[in-house]
Amino acid sequence: LQKRTGLKNICIAGGVAQNSVANGKILENTAFQNLYIPSAGHDAGISMGSALYAYHHVLKQKRTPAVYSACTGSKFTNEEIELFLKGRDVNYQRLPDEELYERIVNKLIEPGVVGWFCGRAEFGPRALGARSIIADPRNHKAKELLNSKIKRRESFRPFAPSILKEYVGEYFEKVEDVPFMEKVFPIRKEKRESIPAVTHVDGTGRLQTVMKEISPRYYALIEKFREKTGIPILLNTSFNENEPIVNTPAEALDCFLRTQMDMLVLENCLIER
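Residues numbered from 1 in each chain as written. Predicted model: local features only at pLDDT ≥ 70, side-chain atom pairs only at ≥ 80, totals over all residues. Heavy atoms only, no water.

1. With respect to the overall build of the protein chain
Point 1. The helix and strand tally for the protein chain stands at nine helices and eleven strands.
Point 2. Computed over the C-alpha atoms, the radius of gyration of the protein chain is 19 Å, within 12% of the 19 Å expected from 2.2 N^0.38 for a compact globule of 273 residues.
Point 3. By its C-alpha atoms, the protein chain is 60 × 50 × 35 Å across when sized along the principal axes.
Point 4. In the protein chain, which comprises 273 residues, the share counted as buried stands at 50%.
Point 5. Residue pairs at least 24 apart in sequence account for 66% of intrachain contacts in the protein chain once pairs closer than 6 positions are excluded.
Point 6. Per element, the accessible surface of the protein chain, about 13,400 Å² overall, is 52% carbon and sulfur. (Helix = DSSP H or I, 4+ residues; strand = E, 2+ residues; numbered from the N terminus. Rg over C-alpha atoms; globule rule 2.2 N^0.38 Å. Buried < 20%, exposed > 50% of the residue type's maximum accessible area, 1.4 Å probe, protein only. Contact = heavy atoms within 4.5 Å. Areas by Shrake-Rupley, 256 points an atom, 1.4 Å probe, with all protein chains shown as cover.)

2. Points about the state of the cysteines
Point 1. Going through the model one piece at a time under the given rule, you end up with zero disulfides.
Point 2. With no disulfide of its own, C118 has C71 as its nearest cysteine by sulfur position, at a separation of 8.2 Å.
Point 3. Judged by its relative accessible area of 9%, C118 falls in the buried class.
Point 4. Lacking any disulfide linkage, C269 is separated from the closest cysteine sulfur, that of C118, by 12 Å. (Disulfide = S-S within 2.5 Å.)

3. Focus on the side chain of R126
Point 1. Mapped onto the elements of the fold, R126 is located in the loop between β4 (114–117) and β5 (131–135).
Point 2. When residues no more than four places from it in sequence are discounted, the contact partners of R126 are Q18, S20, F180, M181, R206 and I245.

4. What about helix α2 (residues 20–29)?
Point 1. For α2, the full list of buried residues reads S20, N23, G24, I26 and L27. The buried residues of α2 occupy an angular sector of 145 degrees when the element is viewed end-on, so they sit on one face. More than 90 degrees from the buried face of α2, the exposed residues found are E28 and N29.
Point 2. Each element contacted by the buried residues of α2 is listed here: β2 (34–36), β7 (183–186) and β8 (204–210). (Arc of directions from axis to C-beta.)

5. Observations regarding the nonpolar core
Point 1. Formed by 58 residues in total, the largest nonpolar core has its most connected members in I104, W116 and I134.
Point 2. Beyond its immediate sequence surroundings of up to four residues, I104 is in contact with V114, W116, I134, L221, M263 and V265.
Point 3. In this structure, I10, I12, I26 and F32 belong to the second largest nonpolar core, which totals eight residues. (Core = buried A, V, L, I, M, F, W, Y, C linked by side-chain atoms within 4.5 Å.)

6. Comments concerning the environment of P65
Point 1. Residue position: P65 is located in the loop between α3 (46–58) and α4 (78–87).
Point 2. With a relative accessible area of 67%, P65 lands in the exposed category.

7. So, the pattern of salt bridges
Point 1. This structure, assessed with the given rule, holds 22 salt bridges.
Point 2. A salt bridge links K224 to E98; its shortest N-O distance comes to 2.8 Å. Here K224, found in helix α8 (residues 216–229), pairs with E98, found in helix α5 (residues 97–109); they are 126 residues apart in sequence, far enough to count as distant.
Point 3. When the shortest N-O distance is used, the salt bridge between E110 and K107 registers 3.2 Å.
Point 4. With relative accessibility at 12%, the residue K107 sits in the buried group. (Salt bridge = Lys/Arg side-chain N within 4 Å of Asp/Glu carboxyl O.)

8. Brief notes about a nonpolar patch on the surface
Point 1. On the surface, Y53, Y55, V58 and L59 cluster together to form a nonpolar patch covering roughly 430 Å² of accessible area.
Point 2. If you trace the backbone, V58 turns up in helix α3.
Point 3. Overall, the relative accessible area of 55% leaves V58 in the exposed class. (Patch = residues over 30% accessible without salt bridge, like charges linked within 9 Å, V, L, I, M, F, W, Y side chains within 5 Å.)

9. Some points on unusual backbone geometry
Point 1. For the peptide bond that leads from E110 to P111, omega is 15 degrees, which places it in the cis range.
Point 2. One can find P111 in the loop between α5 and β4.
Point 3. One non-glycine residue with positive phi stands out, namely D89, at about 60 degrees.
Point 4. Tracing the chain through its elements places D89 in the loop between α4 and β3 (93–94).
Point 5. Notably, N242 is not glycine yet its phi reads approximately 50 degrees, a positive angle.
Point 6. Considering the arrangement of structural elements, one finds N242 in the loop between β9 (233–238) and α9 (249–258).

Next up, the structure:
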């Protein structure tokens, strides 16, 4: 296709675009220089494609910049969350960001598993730091911990590393923007032992590059973890237990209560067992 068109940029969607292993090999094996895959690279993304087609081709509007945020879904204020928690008679603390990040990171290091509910929900199949369960990637037992406490899924399925964009080249053999966790890259051999929980059996990781301007609070949380541990990465998996990803505070609390998660963070409201 590249030879036939001579183009340097390619965008891929449709169900095949969810094959993150194949996606990670496209630029390496072709003369394409830039690869873009939308956050909903499966059939649900047709809705966004239809809207963009109408906007550009029917209404003849100027092209919009590339979209690097998947967070277009539901959002809840701290006040709405507090009202809900009081109605359910749940003990919680509302903390300022800096204190909140400190408490979360300390819990992760224990080691603990944290449900993180922040900002607008993601559009697409991946949790990208808005409706995520997070853990310490240095912990050899994190996968077993997550599968026994929460996910109850096959042990061979890998968990993903959310990595601060500036450190991708330090940990991965390729450097690209991967905002939607849509590509798998080899992790550098000398780094694999330091992040065993997110290193797949073949030495790869399905990464998400976290950008400060796109996900400021998730970025700040990972940065706090980096300050304390030297590792600019968190293990990130979707906030659910064999169900769709949680969308509301009620769904997040129900998932927390019926699993063995250690901490739940709903915006600035913190709940611990």
